[in-house]
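# Architecture and fold: a report
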Amino acid sequence: MFTRTITQAAAVRSRGGSIITRGLVTTRGRTAAFHVQDNDDFQDRVLNSDTPVVVDFHAQWCGPCKLLGPRLETIIGGKGEKVHLAKVDIDNVSDLALDYGVSAVPSVLAVKDGKVVDKFVGLQEESRIEAFVNRLIGE
């Protein structure tokens, strides 16, 4: 899990001589995101999880994967502890990709109570990802 906060402030002197402070604060929510290391790790952290998990099957060489990853992280990060994000690099854990019928990347699965309940393939708009996650967590 991680939290990132960016703070920027500027002090400006008004015509009357007083100091006015203007600022921008951006906070990125906490994300329970992790990289799956092997089949046992997937079993333990995804299938046995009490929390619903979105599983992102991706590859380092995949252009659409590089665009989808941050979208998933942002949306799931906004849900707090209601959902986790598991990232599976198909080149490192290829058996899992085969076990779950992944034939193209990015492929994203929704797992709840150890079962795949929904999925999509390919780059998606944020509104569709948000709806996908909301269905998983019942919002």
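Identification of the protein as Thioredoxin domain-containing protein from Petrolisthes cinctipes is taken from an unreviewed UniProt entry. Quoted straight from UniProt, the Sequence similarities (unreviewed entry) entry for the protein says "Belongs to the thioredoxin family."

For the structure on display, the rule yields 7 salt bridges. Between Lys-87 and Glu-73 there is a salt bridge, and its shortest N-O distance comes to 3.8 Å. One end of the pair, Lys-87, is in strand 5 (residues 84-89); the other, Glu-73, is in helix 2 (residues 63-77), and 14 residues separate them in sequence. According to the relative accessible area criterion, Lys-87 is buried, its value standing at 9%. As a salt-bridge pair, Lys-79 and Glu-130 come within 2.8 Å of each other at their nearest N and O atoms. Placement of Lys-79 in the loop between helix 2 and strand 5 and of Glu-130 in helix 4 (residues 126-137) is noted, with a sequence separation of 51 residues between them. On the accessibility criterion, Lys-79 (13% relative accessible area) is buried. Salt bridges sharing common partners tie together Lys-79, Lys-82, Glu-130 and Glu-139.

Here we take up the packing of aromatic side chains. This structure, assessed with the given rule, holds 3 aromatic pairs. When the ring of Phe-42 is compared with that of Tyr-100, the centres are 5.3 Å apart and the planes differ by 55 degrees; the resulting orientation is tilted. Taken together, the positions of Phe-42 in helix 1 (residues 39-47) and Tyr-100 in the loop between helix 3 (94-99) and strand 6 (107-112) put the pair 58 residues apart, joining distant regions of the chain. Pairing Phe-120 with Phe-132 gives two aromatic rings, centres 4.9 Å apart and planes at 80 degrees, and the pair type is edge-to-face.

Turning to the nonpolar core, a few remarks are in order. In terms of nonpolar packing, the biggest core is built from 21 residues, with Val-36, Val-46, Val-55 and Phe-57 touching the most fellow members. For this core, the secondary structure elements donating two or more residues are helix 1, strand 4 (53-58), strand 5, helix 3 and strand 6. What Val-36 contacts, discounting residues up to four positions off in sequence, is Asp-41, Phe-42, Val-46, Ala-86, Lys-87, Val-88, Val-93 and Leu-96. The next biggest cluster of nonpolar side chains, apart from the first, holds 15 residues, and it includes Phe-120, Phe-132, Val-133 and Leu-136.

We now examine the environment of Gln-43. With respect to the helices and strands, Gln-43 occurs in helix 1. The partly exposed category is assigned to Gln-43, whose relative accessible area is 38%. C-alpha separation for the pair Gln-43 and Gly-114, spaced 71 residues apart in sequence, amounts to 8.6 Å.

We now examine the sheet that holds strand 4. Reading across from one edge, 3-5-4-6-7 is the order of the 5 strands in this open sheet, with mixed pairing throughout. The outermost strands of the open sheet, each flanked by one partner alone, are strand 3 (33-35) and strand 7 (115-121). Along the sheet, successive strands turn relative to each other by an average axial angle of 20 degrees, direction set aside. As paired strands, strand 3 and strand 5 are joined by 3 bridges and run parallel to one another. In the sheet register, Ala-33 faces strand 5, and the bridge partner there is Leu-85.

Criteria and cut-off values
- Along each chain, numbering runs from 1 in the same order as the chain's sequence is written.
- Where local features are concerned, this predicted model is filtered to residues with pLDDT of at least 70; where side-chain atom pairs are given and counted, the filter is 80 or more; whole-chain, interface and lining totals use all residues.
- Excluding hydrogens and water, the side-chain figures rest on all heavy atoms present in the structure.
- UniProt positions are given in the numbering used here, feature names are shortened, and annotations may be inferred rather than shown by experiment.
- We count a salt bridge whenever a side-chain nitrogen from Lys or Arg sits within 4 Å of a carboxyl oxygen from Asp or Glu.
- Note on conventions: DSSP H or I runs of at least 4 residues are helices, E runs of at least 2 residues are strands, and numbering of each starts at the N terminus.
- Remark: exposure states derive from per-residue accessible area (1.4 Å probe, protein chains only) relative to the maximum for the residue type, with buried under 20%, exposed over 50%, and partly exposed in between.
- Any pair of Phe, Tyr and Trp rings, taking the six-membered ring for Trp, is counted once the centres come within 6.5 Å. Such a pair is stacked with planes under 30 degrees apart, edge-to-face with planes over 60 apart, and tilted for the rest.
- Residues belong to one nonpolar core when they are buried, are Ala, Val, Leu, Ile, Met, Phe, Trp, Tyr or Cys, and are joined through side-chain atoms within 4.5 Å.
- A contact between two residues is defined here by any heavy atoms of the two lying within 4.5 Å.
- In this description, strands pair whenever DSSP reports at least two bridges between them.
- In this analysis, axes come from line fits to C-alpha atoms, helices being fitted only over the stretch in contact, and the angle between any two N-to-C directions falls in the range 0 to 180 degrees.

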